[in-house]
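Structural features, examined
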Amino acid sequence: MTARGLLGRTATLAVLCLGAAIVLIPFVWMISLSLKPAAEIFSPDFTLLPSQIAWQNYIKAFTEVPLHRFLLNGVIVCFGILFFQLLLAVPLAYALAVRDFKLRGLLFGLVLAGLLVPYHVTAVPLFLGLAELKLLNTYSALIIPFIASVFGIFLFRQYFAALPADLIDAARVDGLSETAIAWRIAFPNAWPAVTAFAIFSVVAHWNDLFWPLIAVSDRDLATPPRGVLYFRDEEAGSDVGPLMAAATVINAPLVLGFLLAQRRFIQGFTMSGLKG
Amino acid sequence: MIELRNISRRFGDTSALSDVSLTIEGASFTSLLGPSGCGKSTLLRIIAGLDHPTSGSILFSGRDVRDLSAAERNIAMVFQSYALYPHMTVRGNIALPLAMRSMNRLERFPVLSELLPSARRKAVENNLAVERIAALLKIEELLDRKPSQLSGGQKQRAAVGRALVREPTAFLLDEPLSNLDAKLRHAMRAEIVDLHRTTGRTFIYVTHDQAEAMSMSDQVVVIMDGKVQQVDAPRDLYERPASRSVAAFVGDHPVNFLDVAVDRRQLAPPFEDVTLDTAIPGRTVTVGIRSERLHPAADGALAGRIERVDYLGSSTMVSLRLPSGHRLSAVLSEQDAVPVEGEILRLSFAPQRADLFDPDSGQRIDARLVPARASSRPARRDQ
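All names here are of chain A. Close contact between helix H5 (residues 104-115) and helix H8 (residues 150-161) brings their axes to 8 Å; oriented N to C, the two are set at 130°. Overall, the two elements H5 and H8 adopt an arrangement that is oblique. The handedness of the crossing between H5 and H8 is left-handed. Taken together, the residues of H8 that come into contact with H5 (itself represented by Phe 108, Val 111, Leu 112, Gly 114 and Leu 115) are Val 150, Phe 151, Ile 153, Phe 154, Arg 157 and Gln 158. For the contact of H5 with H8, the residue count by class is eight nonpolar, two polar and one charged.

Below, the structure is given as structure tokens:
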């Protein structure tokens, strides 16, 4: 390799390392703090590695508050949302992509417009509506507002529209109903989009603090980020060690899940065409 | 028997098909032939029930099928792109239409199908049918592969298998060979004809390749600009084309169309040696002579200077310019001497086999060319 090429590569690598460091430092600091004894956390000297590993932070995280309960709530809420989102988005996207009907263009335009509205805008009417229905402080309150995902409909519509028309016709000839085509033919062939959407949806709702803070006050229904706050709100002030331990625990499933599905996730967004 | 009555199909302002009427006999092999964009695929989709005519009716064995879906008409279709389900194995692809017919909603449900005894029994039966078809098409060893792992010819067979497995009333093929290379196309052509013989079902075959249509079919429907031009057996299509455009479309070699002046029965040069058997109105007539029907002959009636020679091995294509100004191309056989550009070549043709068309409408004229009376050119006769 020429000296010039080597220099170029070094520069590229340096920039990438800097970027990675900026993103990763808070996480490294979180893990570092979660393993330090309380005395060391507030010491004025900067040390990255703890002098001794303080596992008790993790034990406290699980004992002081029901962290396992928060994790379970997170799983129930996230997968509940994802299940209903797919249940609605797949047939809706199929109809928008494949079926020809009046006002299709208008409906798709509304879906696109829906993409522009942040859900915080609708938070107050949603809260009032759920209150009327006496659904506040239930899992339903955490799930129902999110089951119609315009992003999911849009993503799947784009994917379904790229499916060869012959494939859909072949399925019709073979005796599949339109619903069956949506689920048996279009859905399995859109798996990169499904994976990408699933990651987006789960990450967004696992990390969401805004809505759980509004919709539930019962501690047993708290999602992980809401649960972490209980370390700060207690009368003793912030208990940083266990707080960081809890934060590490609730972040771990997302990081693991992303690493497992990384390749499919990227495929979902590069939208590589379907080969017959 | 499938009957189409006055089928028209419009897409917005453009008319894809206009007033198509057609009868397709049971167990026949019918080709829909035409250049791309002529509406033949639209017609096939209308027969299949994937598209609906703007007006007109379709009858299957005398029954109007307007409101029946593709599946209810029980037709099978092979698509140009094969349209195999990419996420299923070949076995899954071929079994799906069977499962849709034999099993109920509950028995097809993903997990339940493994548990219900009736679903398992039917799955075993279906699998036997799949393997029978695979054996017929010689694709047994491919059954557990995904479509992406198959070659073009193998995909083709899998697609045919999926169509054949459920005993359809009619078997529709939409340009199924156009994605294959030339050699494979020839082999598959023969296989499809064999398949038609062994199954004895109605085949409707869409193609833009006249050689495919001519070699495979009992009946060829020539469609151009959304209209049926002619419906005939391949031989009649070649011998008696209904219009100039049909004549030009059918056959391996180009047809010479010569516009010549006519006075009742007498034709202007270069056709002074022949006359019409019946007098026709009009001042000009188009004489169509197939280039393979022109042969070099010392006493040939048409003589011209050679402008171009294309040597092809088994045959030679020559283009001549006649003194009358007409251009003529001819196919010389292997036995004929290969001529040289610039030479004068004399060609003879059988006048009775020339076709006559109206120069304005392009429609066939029911008259024949016959040799002029022997007395007019006695010298030629004696040679």
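Another aspect to go through is the nonpolar core. By size, the foremost hydrophobic cluster in this structure holds 86 residues, and its most contacted members are Phe 156, Phe 160 and Ile 185 of chain A together with Leu 32, Leu 43, Ile 47 and Leu 172 of chain B. Counting residues per element, this core draws most heavily on helix H4 (residues 67-98) of chain A, at 12 residues. Not counting residues within four places of it along the chain, the set of residues in contact with Phe 156 of chain A comprises Leu 86, Ala 89, Val 90, Ala 93, Ala 193, Val 194 and Phe 197 of chain A. By size, the runner-up hydrophobic cluster in this structure holds 35 residues, among which are Phe 29, Ala 158, Leu 164 and Leu 177 of chain B.

Counting residues at the interface gives 26 residues for chain B, matched by 17 residues for chain A. In total, chain B and chain A occlude about 1800 Å² of area from one another, counting both sides; carbon and sulfur atoms represent 60% of this. Taken together, chain B and chain A are joined by two salt bridges. Note that Arg 45 of chain B is salt-bridged to Asp 169 of chain A, the shortest N-O span being 2.5 Å. For the interface between chain B and chain A, the tally reads eight residue pairs in polar contact (both at pLDDT 80 or more).

The next thing to look at is the packing of helix H2 (residues 90-102) of chain B against helix H5 (residues 117-137) of chain B. Residue and element names in this part refer to chain B. For the pair H2 and H5, interaxial distance at closest approach is 9 Å and the crossing angle is 130°. Relative to H5, the element H2 is oriented oblique. Our pair here, H2 against H5, has a crossing hand that is right-handed. Residue-level inspection shows Arg 91, Ile 94, Ala 95, Leu 98, Ala 99 and Ser 102 of H2 in contact with H5, the latter providing Lys 122, Asn 126, Asn 127, Ala 129, Val 130 and Glu 131.

Calculation notes
Residues numbered from 1 in each chain as written. Chains lettered and ligands numbered in written order. Predicted model: local features only at pLDDT ≥ 70, side-chain atom pairs only at ≥ 80, totals over all residues. Heavy atoms only, no water. Axes fitted to C-alpha atoms, helices over the stretch in contact; angles between N-to-C directions. Helix = DSSP H or I, 4+ residues; strand = E, 2+ residues; numbered from the N terminus. Parallel < 35°, antiparallel > 145°, perpendicular 65-115°, else oblique. Left-handed = near helix turned anticlockwise from the far one by under 90°. Contact = heavy atoms within 4.5 Å. Nonpolar A, V, L, I, M, F, W, Y, C, P; charged D, E, K, R; others polar. Core = buried A, V, L, I, M, F, W, Y, C linked by side-chain atoms within 4.5 Å. Buried < 20%, exposed > 50% of the residue type's maximum accessible area, 1.4 Å probe, protein only. Buried area = accessible area lost by both parts, 1.4 Å probe. Salt bridge = Lys/Arg side-chain N within 4 Å of Asp/Glu carboxyl O. Polar contact = N/O pair within 3.5 Å; in protein donor to acceptor, adjacent residues only side chain to side chain.

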